[in-house]
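Commentary on secondary and tertiary structure
Here are the chains, one letter per residue:
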Amino acid sequence: LPWEVTFELVLVLFTRIQESSGKLNLSNVYEGVYLTSAIAEAQRNAIALYPELGSASRTGGGGTSTGHVVWNKKFTKGKKPCPCYNRGTVHDRGSLTDGGTCKFDHVCDHYISSGGKCGGAHPRHACTNPLACDEEA
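Calculation criteria
Here the residue numbering is sequential within each chain, running from 1 through the sequence in written order. In view of the model being predicted, local features appear only for residues whose pLDDT reaches at least 70, and side-chain atom pairs are presented and counted only at 80 or more, with totals across whole chains, interfaces and linings using the full set of residues. Just so you know, side-chain values use all the structure's heavy atoms and leave hydrogens and water out. Disulfides are defined as cysteine sulfur pairs within 2.5 Å. Partly exposed residues are those whose accessible area sits between 20% and 50% of the maximum for their type, while under 20% is buried and over 50% is exposed, using a 1.4 Å probe and protein chains only. Only buried Ala, Val, Leu, Ile, Met, Phe, Trp, Tyr and Cys residues count toward a nonpolar core, and they belong to the same one when joined by side-chain atoms within 4.5 Å. Secondary structure elements are taken from DSSP: a helix is a run of H or I of four residues or more, a strand is a run of E of two residues or more, and numbering for both begins at the N terminus. Contacts are assigned to residue pairs with any non-hydrogen atoms lying within 4.5 Å of each other. One less than the number of residues in a helix, times 1.5 Å, gives the span that helix is expected to have.

Quick notes on the state of the cysteines
- Enumeration over the complete set of coordinates arrives at zero disulfides.
- Just so you know, Cys84 is unpaired, no disulfide at all, and the nearest cysteine sulfur is the one on Cys82, 4.7 Å from it.
- A relative accessible area of 1% places Cys84 in the buried class.
- Among the cysteines around Cys102, which has no disulfide bond, Cys82 carries the closest sulfur, lying 3.6 Å off.

A few points about the nonpolar core
- Formed by Val5, Leu9, Val12, Leu13, Ile17, Leu24, Val29, Val33, Ala38, Ala42, Ala46 and Tyr50, the largest nonpolar core amounts to twelve residues.
- Looking at this core, the elements with two or more residues in it are helix 1 (3–18) and helix 3 (35–49).
- A total of five residues in this core trace back to one element, the largest contributor, which is helix 1.
- With residues up to four places along the chain from it excluded, the contact list for Ala42 reads Val5, Glu8, Leu9 and Val12.
- With five residues, the next largest nonpolar core counts Val69, Cys82, Leu96 and Cys102 among its residues.

What about helix 1?
- Between its first and last C-alpha atoms helix 1 spans 23 Å; for 16 residues at 1.5 Å apiece the expected length is 22 Å, and the two agree.
- Turning to helix 1, its buried residues number three or more, namely Glu4, Val5, Glu8, Leu9, Val12, Leu13, Arg16 and Ile17.
- On its buried face, helix 1 sits against helix 2 (29–32) and helix 3.

What follows is the structure, encoded as structure tokens:
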């Protein structure tokens, strides 16, 4: 893997550790994460952040296109909160329709003490809801 993808993989794994509520750490993250999907997310992030990687990172092992779709800045209201939006990462292929629309709603997924999720028009890191808490109520 190019160093840019490797760097993004480390960030993806750190994010998974952070979001695991203490279940994952540096010792067990490789056993607790589906590594193929983590590498795919790292490749998508690297493509977005390092355009000089070109099409080399966009192809599979056989050299054929993996069907890279770019987010068109649209999302689907009323659906579950978008994990990519809330993590601040590039939208992965699984979260986009063929036309590039996000299959999820771009609302805050921060848990609130009264139950459920915030649902505000901001990502998790920008949540100022006074009922926000770190674990599901």
